[in-house]
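Observations on the three-dimensional arrangement
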Amino acid sequence: MKTILKITIASSLLCGATFAQEIEEKRDRVPSVRDAIQTISEIEQEDVTVVSGVKRMFKYGKISGELSSIYSGYYNENATNNYATAVGTQLKYELAEFKGLNAGVALSLSQDIGAFSGENDKYNPELSSDDKFYAEIGEAYINYKYQNFNFRGGRQVIDTPLADSDDIRMIPNSFEAYIANYEQDDFSFMAGALTKWQGVDSGLDVDKHWQKTGEDGTYFGGLSYVNDVLEGSVWYYDISADAVDNIANKTLYADIFANYKISDDFSLYGGVQYLTQSEVENSGIESNIYGVMAEFIAYDIGFNIAYNKSTQQANKGSFSGFGGGTLFTNMDSMIIDAITIDREVDVIVAGLSYSVGDFNFLYAYGNFDGGANSASQKEHIIEQDIAIEYTPNDDFTIASVYTINEDKEDTDSNGGDWSNFRILLSYNFQTDFKKRR
């Protein structure tokens, strides 16, 4: 949660045009808006120090993290308004690397401030759970690296199209997982197994910590390619059934992007994506979704537009994964999954962003239009996101976000008509126990 505005830019404006120069320099454009959320908002990590002895692994270890506070309030026509204010931290300790081995552990903590939070039905549990407090060891892993190969096992943060940290409130998602990665030139291959997950999307109540990602877990693999002009990826997920929330399916996802720099002040970026899901054990998850996006950057102004189409599958819907998902049109709140069951859906998201000095501004408009299902029921959701961010340096951020959700068909598929206002303050830090001499 490094910045709320960057979060919203990512979730509302495809890949965050305001930060185009930074992205071009790093060549880390990502295939979905929610991927951009976590890429931009995650705590910045430096390379692990390599040492020559076991004792030095501790001596040159690092502490990093974030201190943050968020206010989040919801307002709707039924006057069931709720709000909460919380303070929290993401605190991580990571050993230095010796002969390819190192390890890390991280604590996620959030505590509501009672004087600035509602009571009973006026309380908003999305920051710290119904208990008004949340604490979890979100990461606890062992890592082994040898040349271009890397393996990490244990609790960890990952970001892939259908499993991601979705760091949009106080507690990011993390996974109990076993993942291997190999890089060669412009290619990268990742494969692994996810067994459990926790965080904002899995539920913050005590009985929801570390939910299974299917009875037998989820297995996945992905191949990515990135150069100065083109980038693309192909991913496959096998999600098993479970007794609680059957989301079993086999998913294939692919995308390709192109970047063209017209001049130092003008650039174009575009991409296409495809997601197809096959049902397993009558889960009700089966979909075909297509997408296209484009952005034009002129000086400090970004213009963005994205389109996703989900075809109708009788009595079946889509699943964006364990996290926010990878579709171009996913916004701060609304995603296509909310209305895909038994209907064709067309989504258009367009936005404008502007950066001046230490301030960033944005406006985004999303139109989620669902056709009639077998019962002749239509869906139509409009979401608007407005945000402002102030970042005087790389470590400190003050931001606010205003989200408006309108249910044109009054189906209550995304909570009806409501608005959400958030304020964020955050400070990032990193400390070496002892700097290398």
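All of the points below concern the structure found in this document. (Residues numbered from 1 in each chain as written. Predicted model: local features only at pLDDT ≥ 70, side-chain atom pairs only at ≥ 80, totals over all residues. Heavy atoms only, no water.)

Turning to the environment of N150, a few remarks are in order. Within the fold, N150 resides in strand β5 (residues 149–156). Residues N150 and M190, spaced 40 residues apart in sequence, show a C-alpha to C-alpha distance of 9.4 Å. Setting aside residues up to four positions removed in sequence, N150 forms contacts with N143, Y144, K145, I179, A180 and N181. Only 2.9 Å separates the side chain of N150 from the side chain of N143, close enough to count as a polar contact. (Helix = DSSP H or I, 4+ residues; strand = E, 2+ residues; numbered from the N terminus. Contact = heavy atoms within 4.5 Å. Polar contact = N/O pair within 3.5 Å; in protein donor to acceptor, adjacent residues only side chain to side chain.)

Glancing now at the environment of G88. With respect to the helices and strands, G88 occurs in strand β2 (residues 82–94). G88 gets classed as buried once you look at its relative accessible area, which sits at 12%. Counting along the chain gives 39 residues from G88 to L127, while the straight-line C-alpha distance between them is 9.4 Å. Residues within four places of G88 in sequence aside, it is in contact with E66, L67, S68, L109, S110 and M170. (Buried < 20%, exposed > 50% of the residue type's maximum accessible area, 1.4 Å probe, protein only.)

The subject of this paragraph is the packing of aromatic side chains. How two aromatic rings sit relative to each other is set out by the distance from centre to centre and by the angle between their planes. Enumeration according to the criterion identifies 17 aromatic pairs in this entry. Plain terms: the ring middles of F175 and W197 are 5.9 Å apart, the flat faces sit at 15 degrees to each other, and that makes the pair stacked. Of the two residues, F175 sits in strand β6 (residues 174–184) while W197 sits in strand β7 (residues 187–198), which places them 22 residues apart along the sequence. You'll find F175 and W197 in the same group, each marked buried. With centroids separated by 5.8 Å and ring planes inclined at 70 degrees, the aromatic side chains of F257 and F328 adopt a geometry described as edge-to-face. A residue pair is termed long-range when its members are at least 10 positions apart, and F257 in strand β11 (residues 249–261) and F328 in the loop between β14 (301–310) and β15 (345–356) qualify at 71 residues. (Phe/Tyr/Trp six-rings, centres within 6.5 Å; stacked < 30°, edge-to-face > 60°.)

A few words now on the layout of surface pockets. As a volume, the second largest pocket reaches approximately 1300 Å³. Surrounding the second largest pocket, 46 residues form its lining, W197, V200, D201, S202 and G323 being those nearest its centre. Broken down by class, the residue content of the lining of the second largest pocket amounts to 16 nonpolar, 15 polar and 15 charged. (1 Å grid on protein atoms, 1.4 Å probe; cavity = no way out; pocket = protein on both sides within 12 Å on 5 of 7 lines; lining within 4 Å. Points joined across faces, edges and corners; volume = space filled by probe spheres on them. Nonpolar A, V, L, I, M, F, W, Y, C, P; charged D, E, K, R; others polar.)

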